[in-house]
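In case you want the letters, here they are:
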Amino acid sequence: MLRKLRLTKGASTMWLPFLFGVLAASHVTSVAAAGQPAAATPATYRVISLGSGGPSEKPVINAKGQVAISMDFGLGYSNAMFYDGKTVQNLGNLGGSHAFAVGLNDNGQVIGYATFHAFAWDKGTGMIDLGTLPGERRSMALANNNRGTVVGVAGSAAVRWTLGRGLESLGTLGGRTASATASDDAGLIADCGEATAS
């Protein structure tokens, strides 16, 4: 089965082979004017407890030092949590038993899924159920940008949610399934899924 990555911006589409892999960052030592390595400045850290449970999704941190995390407190369900730099807040769960925070933008908007529906949360409006597509029962928010656009999956189709337009299907890549996994502030959306051979 061929898997491809689709990048979409407006009416333009670019297809790339979908590769699984890990990116590794390299450290470059700064060099002084005389060609000698500059003296390293020791880093300082502080540890902040975000709760006593275990993470059920990887934590996400934004440029302001805010953190979104999903915590399992040993009761068989997950809680979506938000740390604003001072306090930790439980975000709720859309009336069900679990919630998972998977994305956070620089404006403090947390996205994820709760009780099988995608959600967006911010301090001003609280948790909003982003719904799902007609005929589908499930949706998941997977990424968001700093403009508030949320992307993810509903049923088997990649989706985009905006405040003005609501939830919209981006379709599939010609195969059975697709999910939108990233969106930049210019509106470029990346999604992956099964694709027909071309």
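This text goes with the structure placed above it.
Remember, predicted model here, so these are calculated numbers, not experimental data.

1. Some words on the sheet that holds strand β6 (residues 88–90)
Logical step 1: Spatially, the four strands line up as an open sheet ordered β3-β4-β5-β6, and their pairing is antiparallel. Two strands bound the open sheet, and with one partner strand each, they are β3 (54–61) and β6. Averaged over all adjacent pairs, the angle separating strand axes in this sheet is 20°, with direction ignored.
Logical step 2: In this sheet, β6 lies alongside strand β5 (residues 78–83) in antiparallel orientation, the contact comprising three bridges. Across the sheet, residue Tyr83 finds its bridge partner in β6, namely Val88.

2. Digging into the packing of aromatic side chains
Logical step 1: Within the structure shown, the criterion is met by two aromatic pairs.
Logical step 2: On the numbers, 5.1 Å between centres and 50° between planes, the contact of Phe82 with Trp121 is tilted. One end of the pair, Phe82, is in strand β5; the other, Trp121, is in strand β9 (residues 117–122), and 39 residues separate them in sequence. Neither Phe82 nor Trp121 differs from the other in exposure class; each is buried.
Logical step 3: With 4.9 Å between their ring centres and 25° between their planes, Phe100 and Tyr113 make a pair best called stacked. Pair noted here: Phe100 is in strand β7 (residues 99–104) and Tyr113 is in strand β8 (residues 110–114), with a separation of 13 residues, a long-range link.
Logical step 4: With relative accessibility at 14%, the residue Tyr113 sits in the buried group.

What counts and how
- Residues numbered from 1 in each chain as written.
- Predicted model: local features only at pLDDT ≥ 70, side-chain atom pairs only at ≥ 80, totals over all residues.
- Heavy atoms only, no water.
- Pairing = 2+ DSSP bridges.
- Helix = DSSP H or I, 4+ residues; strand = E, 2+ residues; numbered from the N terminus.
- Axes fitted to C-alpha atoms, helices over the stretch in contact; angles between N-to-C directions.
- Phe/Tyr/Trp six-rings, centres within 6.5 Å; stacked < 30°, edge-to-face > 60°.
- Buried < 20%, exposed > 50% of the residue type's maximum accessible area, 1.4 Å probe, protein only.

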